Every structure is written in structure tokens, then in C-alpha cells.
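Residues per chain are reported as follows:
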Amino acid sequence: MSLFKARDWWSTALGEKEEFDQGCLCVADVDNSGSGQDKITVGSYMGYLRIFNPHPVKPGDGMQAEDLLLEVQLRDPILQVEVGKFVSGTELLHLAVLHCRKLCVYAVSGTLGNVEHGNQYQIKLMYEHNLQRTACNMTYGPFGGVKGRDLICIQSMDGMLMLFEQESYAFGRFLPGFLLPGPLTYSSRTDSFITVSSCQQVESYKYQVLAFATDADERQETEQQKLSSGKRLVMDWVLNIGEQALDICVVSFNQTSSVFVLGERNFFCLKDNGQIRFMKKLDCSPSCFLPYCSVSEGTINTLVGNHNSMLHVYQDVTLKWATQLPHIPVAVKVGNLQDLKGVIVTLSDSGHLQCSYLGTDPSLFQAPKVESREINYEELDREMKELQKIIKESTKTQDILPKSEKDYDDLRITAEVSPELDVVSQAIDSEVRAEAVPSVTVKITLQSRLAVQKTKLSICVQPPLALTHDQFIFDAIEPCRSKAVALSVFLKGNCPPAELEGNAMASYSLPTGIPRVAQCKFRLPLRLICFPAQPSKTANHKLTIDTNKSPVSLVNLFPDFADQSDEDQVNVLGFQFLTGSRITLLASKTSQRYRIQSEQLEDLWLITKELTFRLEEHFKKQNSKDFTCTFSGSVPLQEYFELIDRHFELRLNAEKFEELLSERAIQFRAIERRLLTRFKDKTPAPLQHLDTLLEGTYRQIIALADAAEENQANMFQAFTKLKSATQLVIMLISLWQKLSTDQVAILEATFLPLMQDTQELGWEESVDAAISHLLRTCLSKSSKEQVLTLTSQLSLPKDTSRLKKHITLLCDRLAKGGRLCLSTDTNIQQTMVMPGGCTPIPESNLEERTGVQDSTTMFTNHRHLTKQKSKTGISRYFTENLQQFNN
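Residues numbered from 1 in each chain as written. Predicted model: local features only at pLDDT ≥ 70, side-chain atom pairs only at ≥ 80, totals over all residues. Heavy atoms only, no water.

Trainee: With reference to specific residues and values, describe the sheet that holds strand β8 (residues 94-98).
Mentor: Overall, antiparallel pairing links the 4 strands, which are arranged β7-β8-β9-β10 in an open sheet. Here the strands that pair on one side only, and so sit at the sheet edges, are β7 (80-84) and β10 (120-130). Taken pair by pair, the neighbouring strands of this sheet meet at an average axis angle of 25°, ignoring direction. Relative to strand β9 (residues 102-111), β8 runs antiparallel, the two being bridged by 4 bridges. Within β9, the residue paired with Leu95 across the bridge is Tyr106. (Pairing = 2+ DSSP bridges. Helix = DSSP H or I, 4+ residues; strand = E, 2+ residues; numbered from the N terminus. Axes fitted to C-alpha atoms, helices over the stretch in contact; angles between N-to-C directions.)

Structure below.
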């Protein structure tokens, strides 16, 4: 049992699915019993009015039937309830209930019961006021210093203060500079109304100033109001607190009064004249508060409830007590219930009403004695060494991505791609210039083991691919049930995508409220973006992939593209993208090689990836575990650098278009200002061709905007082509140097850091920073070079020469035996002795050499160079194969 937990004296739950706020709770002797015992009055937004008189048999008991004195449903929502002297001719307390468009005053009375059912209570309507404006809140008090009665002031949603002298309407005034209503209270000592405006200012208005100000029953000023003797409404004082206010209250004691304001992060204590007496910064977001007089002279106690279900007791700015509540309070009051003074009454927004007190109950728990035993130091040393060994092993192996925990299988997501294309294409608004744009159906299935809630399924593919639907929302999924959705994928942009993979991700919440995420990937068919075509006889770019297994017929590898009856397609196959590019695939009859050729470098990527993937799947079905692919040719850096320069040129054009648009916009606004000045002038003056200049500038802005939009589209296509070429270069380097899976992941993270390219953070500067990091860490020559000298801010470079030099240097370091890794211990060992016995070349000499030569050097596998010189069968094979293709 916690020492700082509120002691439950009496509690109950009000209704079902009802809502409450800070004005819905009032504690007072509403039935004028004269016994000094308060009653709890609660109103809800559903229109229910309840009055309680708790009488628990023992502390902590729930509500008994006789505790509810009255429950009645009114027709309108209840915004606020207050108890005061609201009826003329008597000083008895009455209940005021504020609705949206009505103010009602009731008399609560009880009749002694003659049987065991107890007393009977009822309410009687004394009077009501129909409001012309929608009400927000109200306050009451002896306005103007009247004796023996309370007047009511209602604040409307549009900023009008409506004052009622009990049964009659007095006057209404609009607050100056009003935007949104705030909390409102009345100070009887200064006879003024105090509120907090939407300007985050505490404002005070004297009642006398309100009474003699200009009548504000209508917004528009009439001739009669102009001739009247009303005065302008001015503030008595104003204080800027810098935050919105949740509540405001006035506390009077010892001939002085203080104004308390509860803000979003602080609560303030002000003097009568608006000066700050003190303020307290709160650690948690508050929800309600209640200041009251303290037993210590000159101090004030304040109850502050927050959204952590805590209730803090402050004496001025000193925290005296903190207690835990079972709910978040939106209203808090203090009353005298059943001869128990100082009972804390709290109400939550869902209707949890609780009466509690602060105190401590003795804890009867005693900790058991711990059995003493002898310590075996040898066993502890052995365990310590094992733990240190585990820690050392875990620090050596670092992954790029954190490993997913396989225990979280509460929701399993699977994706099934249809093996056939859609009979009727679902492509919408496609930009591809083709006769028909195919689509393929993907079925996503969610299988739940537990009851999950708020499930949101998101599917994404790489542009220029597009989806017919990308988001699905499920309110709840029952245990051991499944939900399935179907969608179609098609090519929308007029360029081949860089990836044929998609990702489906589902975010959901467990019954305990813990959020979880499940995801899966799916692979799209190659037929979605290309179709069979005649092989091309000429090609500018050619790649050769070596394998360690006998060649496989292309008819068996690509049954969806090859014609089974055509014997020529056994070794030669043609592909044509929907965008028009054509790729040719050649397979050797005798050697273990495959050639891919095309007019564009970036078009080779998808066919090369599909070839290696299908070869791996083919030999995996034959239980061949030692199948490998290698690359012995030259890495096409020159063509790769041309794509980089093209993309960088479009980024520079985008920057120029942005500058020109900014200049023309400034010019356009300057001309508009001059024209507006001419038109406002009482003496007409010639325009001096300003209208012609305005029209010309407008046309220039439209032309520049169209050109910038076209450049943006071209830059998107260039970035897609650059990603395809980058993935091709990564694949060739990995096959060339036989990199492991972790090293390939490092290379992909280095060359593909961005999913989207923007002017603020582009591909060139990001890749340059990543490669520089690798050259100074795992690919450095010595430990002295491992000190990072990168700038903290990335910006658009002037040109791409530095980037191309770093890519060239990276390939050279890998060619000389360097290896990619993340562990610093491995880095130091690697930089001291590189595998293969390669002597590192000084970086300065290398940079001078690469600076003199062309930065687009071709890198070859030095280990295979002698084989190429000795074995001329490769060139003989391709000559014969191409001759056969020509025939």
C-alpha cells in the first residue's frame, strides 16, 4: 500500500458514455438543510442532473441507493452548475444550471419520508432566461456591492458578457478584441470581472465600467447608440502570462484577495492590481486546480490535479503533499460531508466521482529475513568471466539494422502476388506511352493470434510504380481470425523502376495498449514492366556474369518470356520495357557465362538482378549449395559518372529556377504595390505602362513555373535511373570482390542513403559524406586517418569532381584488399595488414594520380587478368555466339 495514495472514502461511476468538464461539479448545501453538511451536485453534457449525499458505512464503500438524492434528465446539455442566492426576496441557496441557450434556476427541497425508503427530494423551476447567444461559462457574486443576493454573469461564445439581476436581464457588453472565450471569475473586493483572453492576457473589467459602457446588444453601431452617453469599455488592468489559461479563481482572506490563474505549464498568483505575487512552474500538464485558505497565516494552499492522475498540494510555491488518484480529474472541490471536514471531491471526464482524504495507513507487511549463505568466490569469478566473454562477443558484431524479435507474432502479415497479370488492367492515370499498361493483383492477409485494435495497413512500392489502394484501416481483429485485402500494382511513371519489391506494414495495438508493428515484403513479376521482344543486334553497354555451374537454357530460366517452340531462344532472349528500352540476354553454349547488353546502363540492372535471382532459385531446387556468380569485367564507372552529372545538372537547374521565381515574385509584388497606390490616389494619374509590365511579369512567372515543374519531373526520372545504375554498380562490386552480405549492406547504405531526393538534402552530398566516412575508417591506411573531419552540415556541392574522386578511391581501396566493416577493432587490424598481402598505396600519390588521369577509370579484377590473356576462348565464344545470332 503506497503512502502517497489518495484514501478512497466514497466513489461511484456516473452513467454510461457521458462526458463531464470542470464546470459540471459543485459542492454546497444546496437543499438548505442547515446541518452544515454539503451535497455534491453534478451535471453532464448528456443533460443529467444528479445530487449526492454520501453516507458510507466504512471508508472505501461504493454508492448506496440512498446516497443519490435526486437524478433528473434535462433536455439540454449542462455546461455549468452553481449554488448561490439567485432568487429575490430570500437569502436561501438555489441551484443555477447553465445550458447552451438557456439559464435555469431551481429550488431543491426535501420531504421527510414516513417509510423506510427515506426522504424524497425534488427540484422546482423558479425562473429561466432564454439566451440569444450561445453560452460558454458563467460566474456569480454581489455585483456592484449589493447585499443578500447574487447576480449572474454569462459569457457567450462570441465574447459578450450578459448580466442578469436575478429574474430580470440587466445589460450586455462585448469584450474588446475578443476571439475565443476563456475562464471567467468575479472579485467581490474590487468589484471586477477577471478573464483570460485568447491573447494570453489576464484582463480585469470593473463592474461600474461595464454598466456605464456603450450598450452592446448589437454588433453594429446604430445612430441611437452614437447619440447615447455610453462610454467606451476599457480594462482596469492587464497582464500577459504567455500561455493559455485552463481556469481562474479568486481567494479572499484577511481583507485581501488574490487572483489565481492555472496555465498550461504554470500557475500564477496575482494581486488585486494585476501584479504577480508569485508563480510556480509545474512539472506535469495540469487538468484542474482549487485554491483555498491555509492554516498558516499569510499563505494559500492550492490543489492541482494533472494528467498523470496525481493531485499535488502546494503551500504558495512549496509542494507539501502528492497523492495518486485512480483517474485524471477535470474538476476538484473541497467540502464537509458527514461531519468529515475537508473531503476532496474529484470528477473525471468519463464520470468517475470520488470523495477521498489525505492520510497514511500503517503497513502491516514485514520483509522476511534473508537466509544467509556462504559465498563461493570461485563460482562468481567463473560466471563473471563468462558474462564478460558474452559482452565482448556482442560488441564485436554490429549489424546495420536491429534484429527483429520473432516472439511478437501476435499479428502475422503475408503477401501473395498473383502469378498472372490482371485480365482487365487496373492502371489509372498512367503516363506510360504504351498500348496497354498491365497490372498485377497483390493479396494481403492479416492473421491475428490475439485480439488487436486500431490496425492500420499501409502498402508501398517504389515510384514510378503505383497502387490502386495504399491504406486500409481495421477497427478490431478478433483472435484466430484473418482479414484479407486485394489491390493492384501498375507502372505509372514513364521510366523503369529501380526496384520490383514492395513492402506491407501493419501497425496495431495489443489489448494492453502496447503498440506493435508487423511487416512483410513481396516481389513483383518482371512481366509487370516489360514484355518479350526481338533481341537487339547492337548495344552500347555489355556485362558478363560468370558462374561455376554449367549454363542453363534461357527457356527454363524465363518461361514467362520465352517461346517453348523457338529453338533460337534457348541462348538468346529479348526484353523490352514499357517505356521503350530494349535489353538482350545471351547464354553461352559451352562456357559458364551470361551476357546482358543494352543501349542504356541503367536498363541492365533489373534484368541482371532477375537473372542472378532465377539462377540461384534454379540451383537451389537442385540442392546445389555451392553455386556462385562472379564478375570479372570492368566496373563501368565512366557511364555511371555521366548519370551522376546529369542528375546534378538538373539539381542546379532547379536551384536556378527557384532563384528566378523568387526574383520575378518580388518584382510582381512591387508592381502590384505601385498600381494599388495609383488606384487609391484621389487624383488620377497615368499608369505609365505598369499594367503592361505586370502582365509581362505574370507571364514570365507562369513560364518559369512550368519550366520548374518540367525540370522536377526530369529530375525524378534522372534520380530513378541513378538508383538503378547505383544498384547495378553495387552488385558488380560485390560479385567482383566477393563481398559478404554484411559488406553489401554497408555498401548499399553508403550509396543509397535516400529514398527521395530533395534540394535541401540531395544524393550527391549524402553519398560523398558516407564514402568519406568509409575512407577514413575501415578503408583507411592507418589509425591516424581514422579521425573524422567531416562538416556537420551538408550542402549542395559546386560540382561532382570530389564525389567522383572518392568513388574512384573507394574502388581502388577495395581492389587492393580493403574490406568493409563497422567494428573499430577489426578496422585497426585491417589497416595494419590488408588481406592478400597487398601493400597500400599512399593516398597522396593516389589522389595525384587520379587527379591527372580521368576520374572515370575502369577497374578490373587483377587476379583474373592473367587468365584473360592466356585464355582466348571467351572472346572466341562471343564471336561465334553473335555470328549465330546474326544468322
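There is more to say after this.
Trainee: Give me the pattern of salt bridges: which residues, what numbers.
Mentor: Enumeration over the complete set of coordinates arrives at 23 salt bridges. Among the ionic pairs, Lys39 bridges to Asp31, the shortest N-O distance being 3.1 Å. Overall, the relative accessible area of 3% leaves Lys39 in the buried class. Taken together, the shared-partner salt bridges connect Arg523, Asp560, Glu610 and Arg614 into one network. (Salt bridge = Lys/Arg side-chain N within 4 Å of Asp/Glu carboxyl O. Buried < 20%, exposed > 50% of the residue type's maximum accessible area, 1.4 Å probe, protein only.)

Trainee: So what's going on with the nonpolar core? Which residues, and what values?
Mentor: Counting residues in each nonpolar core, the largest one holds 101 residues, and the members touching the most others are Leu457, Val489, Leu524, Phe575 and Tyr640. Of the residues forming this core, the biggest block, 11 residues, is contributed by helix α7 (residues 690-737). Those residues within four positions of Leu524 in sequence are excluded, and the remaining contacts are Val440, Val442, Val461, Leu465, Val489 and Leu500. (Core = buried A, V, L, I, M, F, W, Y, C linked by side-chain atoms within 4.5 Å. Contact = heavy atoms within 4.5 Å.)

Trainee: Any chance you could break down a nonpolar patch on the surface for me, citing the residues and the numbers?
Mentor: Together, Ile375, Tyr377 and Leu380 give the surface a local cluster of nonpolar side chains, amounting to about 350 Å² of exposed area. Position of Tyr377 among the secondary structure elements: in helix α3 (residues 377-396). (Patch = residues over 30% accessible without salt bridge, like charges linked within 9 Å, V, L, I, M, F, W, Y side chains within 5 Å. Areas by Shrake-Rupley, 256 points an atom, 1.4 Å probe, with all protein chains shown as cover.)

Trainee: With reference to specific residues and values, describe the confidence of the model for the chain.
Mentor: Per-residue confidence for the chain gives a mean pLDDT of 82, with 84% of residues at or over 70. In the model of the chain, helix α12 (residues 843-852) stands out as the element of lowest mean pLDDT, 37, in contrast to β8, which has the highest, 95. Below a pLDDT of 50 lies the segment residues 218-230, which in the model reaches 9 contacts outside its immediate sequence neighbourhood of four places, other chains included. Low pLDDT (under 50) marks residues 824-887, which in the prediction has 93 contacts with non-local residues, meaning those over four places away or in another chain. (pLDDT = per-residue confidence, 0-100.)

Trainee: Report on the side chain of Ser156, specifying residues and quantitative values.
Mentor: Mapped onto the fold, Ser156 is located in strand β12 (residues 151-156). Discounting chain neighbours no more than four positions away, the residues touching Ser156 are Arg133, Thr134, Ala135, Cys136, Met162, Phe178 and Pro181.

Trainee: If you had to explain the sheet that holds strand β39 (residues 541-547) to someone new, which residues and values would you point to?
Mentor: Ordered by their spatial adjacency, 6 strands build an open sheet running β38-β40-β41-β42-β39-β43, and the pairing between neighbours is antiparallel. Each edge of the open sheet carries a strand with a single partner, namely β38 (530-533) and β43 (629-630). Examined bridge by bridge, β38 and strand β40 (residues 572-577) share 4 bridges and lie antiparallel to one another. Looking at β40, one finds that Pro532 is bridged to Phe575. Packing against the sheet, helix α5 (residues 604-621) makes contact with β39, β40, β41 (582-587), β42 (593-598) and β43, and its axis sits at approximately 160° to β42. In this fold α7 packs onto β39 and β43, with an angle of close to 35° to the strand it touches most, β39.

Trainee: Got a sec to walk through the packing of aromatic side chains? Specific residues and values, please.
Mentor: The geometry of an aromatic ring pair is captured by the separation of the ring centres together with the interplanar angle, meaning the angle of the planes. Within this structure, the stated rule accounts for 17 aromatic pairs. Where Phe561 meets Phe575, the ring centres are 5.0 Å apart and the plane angle is 65°; that geometry is what we call edge-to-face. Placement of the pair is Phe561 in the loop between α4 (554-557) and β40 and Phe575 in strand β40, with a sequence separation of 14 residues. With a relative accessible area of 3%, Phe561 lands in the buried category. Given the relative accessible area of 0%, Phe575 is considered buried. By way of ring pairs, the aromatic residues Phe143, Phe171, Tyr186, Phe193 and Tyr207 are connected into one cluster. The lysine or arginine in question, Arg523, covers the ring of Phe613, its NZ or CZ lying 4.2 Å from the ring centre. In this structure, Arg527 packs its charged tip against the face of Phe561, placed 5.6 Å from the ring centre. (Phe/Tyr/Trp six-rings, centres within 6.5 Å; stacked < 30°, edge-to-face > 60°. Lys NZ or Arg CZ within 6 Å of the ring centre and 35° of its normal.)

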